[in-house]
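A look at the structure
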Amino acid sequence: MTIKTVAQVCAAHGLEAPGLVTARIGGASLPASAEAETMQVLYPATEEPVTRVQEAGPAEVDAAVAAARASFESGVWSQMPVSRRQAVMRQVTHQVATHRDELAVLESLCAGLPCNHLVDRQVPRAAENFSFFADYIGHLAGETFEQMDGYLTAVTREPAGVAALLAPWNAPLALASMQIASCIAFGNSCVVKPSEHTPWSVLRLVELMEEAGVPAGVINVVNGRGPVTGQALVAHPGIDRIAFTGGTATARGIMAAAAPNLTPVHFELGGKSANIVFDDADLEAALDGSLVNIFSNSGQICIAGSRILVQRRIAEPFIERFVARTAQLRIGDPSERATEIGPLAFAGHRDRVLEYFRLARDEGAEILAGGGAAEGFERGYFVQPTVARVADNRLRVCQEEVFGPFATIQVFDDVEQAIAIANDSAYGLVAYAWTGRLALAMELQQRIRAGTLWINTPLARDLRAPFGGFKDSGIGRDGPRQCADFYTEEKASIVPRGPVTIRKMGMEP
Ligand code: NAD
């Protein structure tokens, strides 16, 4: 299959790939340094070089935290009138929307994600994150208590300070923009660390934000590997909050690094979500939705419905049709609009996913579709969308997050068994259920142990609602009120309504 080269994709959009991506501190990009480590970013579809990342070490992380602190203390953003802050954030939305195609291409070249998905969904979501929080802060109100006789107690919020925001590579803009918008909306400054695999789009976003009027130093970017740059950032004593979206194992290390400083953490982590198809469901919708839930973003998505559970009465025809549709998925050039499945994001991840295909066979699963590297590609990290029939939810392929186009299908007999299998996981991010029975939907709503339950629909996210995971899928929630709680300190001010009689200590009784 012919795939457009990096040069062709860039030329089609009038772009020039930067030779080197460096940290952005206080509104300026650091110059190239001969001593710094650099890492090559390859286009996952062709394995051609896209750019190099210059790694920020502890000294650069220090400088980024200092710049964020200086901007915070100066009050240039933290004390800015809310109406002005709202106007700047709305301007960011406008900037992102105006640069939608450019941002989509930058992201696609680093992550290999199909451009159509980025243009239609993820970049618009990134834009919306800023206007959503701009609206929210216009309505945020404090509390007053008047129950204590003679006193008025007022509760106000102040920005928490400087936040470290760490983002993964699977949806760099959509996820980093949620972290940045929810953090700066309340007046904080931050240091962002994008994934070392996808440094370009987030850096461009920050430049666009500065052009939109976010003062220099409010958002700083450091690039580099997790155990180097990320570790220096999360262990830094100048950090007041850590928001991390990524893997559960990484989160455990971050929590340990944050412990000596008692830095509060907010974690959005992995998942192994059940997608349950009951025999009274609208099967056409369930089929379409189940495919979307596992194969969007080539399965590299935390909310993937990777464990498909099908009720026995409809299992055989459902599985047959699911497998047939899987085999027809259009794998190919991420820059082509018709492409449904792009390459995986980098070679190490492709190898890891292929290893899970092998494990499925070793564990006795029956491979119904795919099961290996995609054919017809000379280069690139393409794998076949894969479906494996399993009989036991305790298999590793049913318990561990594969983060690729890999679905297990298990047949169940009744509601009790479906709920037991769905909840038999260390994760608890989301679940999907397909049923025509309202009473069953309400029962699932009460009994499924996950942060989000979608009934008869694939992902439909209302930004007003909390999003986050039970169990190993996270700590805390994204959501307006939840982010207000995380990114601000509440202060109670107690004022007497009239003269107060104060005990006269140190005087003769
Ligand atoms: P990851 O945990 O490897 O990395 C995430 C970020 O943390 C990257 O920027 C990385 O450089 C950094 N990092 C890695 N090690 C670090 C360390 N020791 N100290 C500090 N920072 C470190 O995750 P990933 O592979 O980039 O992303 C995939 C994971 O993210 C999956 O598990 C997926 O489910 C999860 N995810 C969760 C959500 C959600 O909202 N719940 C959304 C998207 C992805």
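Residues numbered from 1 in each chain as written. Predicted model: local features only at pLDDT ≥ 70, side-chain atom pairs only at ≥ 80, totals over all residues. Heavy atoms only, no water.

1. Digging into helix H10 (residues 283-295)
Note on helix geometry: an α-helix contains 3.6 residues per turn, so any two residues three or four positions apart are oriented the same way. Put simply, the rule is: Comment: elements are numbered from the N terminus, with helices defined as DSSP H or I runs of at least four residues and strands as E runs of at least two. Helix span, expected: 1.5 Å multiplied by one less than the number of residues in the helix. Exposure classes here rest on a 1.4 Å probe applied to the protein chains alone. A residue is buried below 20% of its type maximum, exposed above 50%, and partly exposed in between. Contact criterion: two residues are considered in contact whenever any of their non-hydrogen atoms come within 4.5 Å of each other. Whenever a nitrogen or oxygen atom comes within 3.5 Å of another N or O atom, the pair is scored as a polar contact, on the condition that within protein one atom can donate a hydrogen and the other can accept it, and that pairs from neighbouring residues in sequence are kept only if both atoms are in side chains.
A rise of 1.5 Å per residue sets the reference length of H10, with its 13 residues, at 18 Å; its end C-alpha atoms lie 18 Å apart and thus fit the reference within 8%. For H10, the full list of buried residues reads Ala286, Leu287, Gly289, Ser290, Leu291, Asn293, Ile294 and Phe295. Residues of H10 that are buried sit in contact with strand E13 (274-277), strand E14 (307-311), helix H11 (312-327), strand E16 (386-389), strand E17 (406-412) and strand E19 (430-434). A distance of 3.2 Å separates the backbone nitrogen of Glu284 from a side-chain oxygen at the start of H10, and that oxygen is part of Asp282. Directly after H10, the chain includes Asn297, whose backbone phi takes a positive value near 55°.

2. Observations regarding the packing of aromatic side chains
Inclusion rule: In this analysis, rings of Phe, Tyr and Trp, with Trp reduced to its six-membered ring, are considered paired at centre separations within 6.5 Å, and the interplanar angle assigns stacked below 30 degrees, edge-to-face beyond 60, and tilted for intermediate values.
Tallied over the entire structure, the rule returns 13 aromatic pairs. Seen in terms of ring centroids, Phe377 and Phe382 are 4.0 Å apart; in terms of plane orientation they differ by 15°. Their pairing is stacked. Between Phe486 and Tyr487, the ring centres sit 4.9 Å apart and the planes meet at 80°, which makes this aromatic pair edge-to-face. On the basis of relative accessibility, which here comes to 12%, the residue Phe486 falls in the buried class.

3. Considering the site of the ligand
Here is the rule we go by: Near residues are defined by distance, with any heavy atom within 4 Å of the molecule or strand qualifying the residue. Note on residue categories: nonpolar means Ala, Val, Leu, Ile, Met, Phe, Trp, Tyr, Cys or Pro, charged means Asp, Glu, Lys or Arg, and polar means any other residue, Gly included.
In the vicinity of the ligand there are 27 residues, among which Ala167, Glu196, Thr250, Leu269 and Glu401 approach most closely. A distance of 2.9 Å separates an oxygen atom of the ligand from a polar side-chain atom of Lys193. At 2.6 Å from an oxygen atom of the ligand is found a side-chain nitrogen or oxygen belonging to Thr250. Mapped by element, the contributors of at least two residues to the shell around the ligand are helix H8 (226-234), strand E11 (241-245) and helix H9 (248-258). For the shell around the ligand, the leading source of residues is H8, giving 3 residues. By residue class, the composition of the shell around the ligand is 13 nonpolar, 10 polar and 4 charged.

4. A look at the side chain of Asn220
As for its position among the elements, Asn220 is in strand E10 (residues 219-221). Residue classification places Asn220 among the buried residues on the basis of a relative accessible area of 0%. At 2.8 Å, the side chain of Asn220 forms a polar contact with the backbone nitrogen of Gly26. Apart from residues lying up to four places away in sequence, Asn220 is in contact with Arg24, Ile25, Gly26, Ala64, Ala67, Ala68, Cys190, Val191 and Val192.

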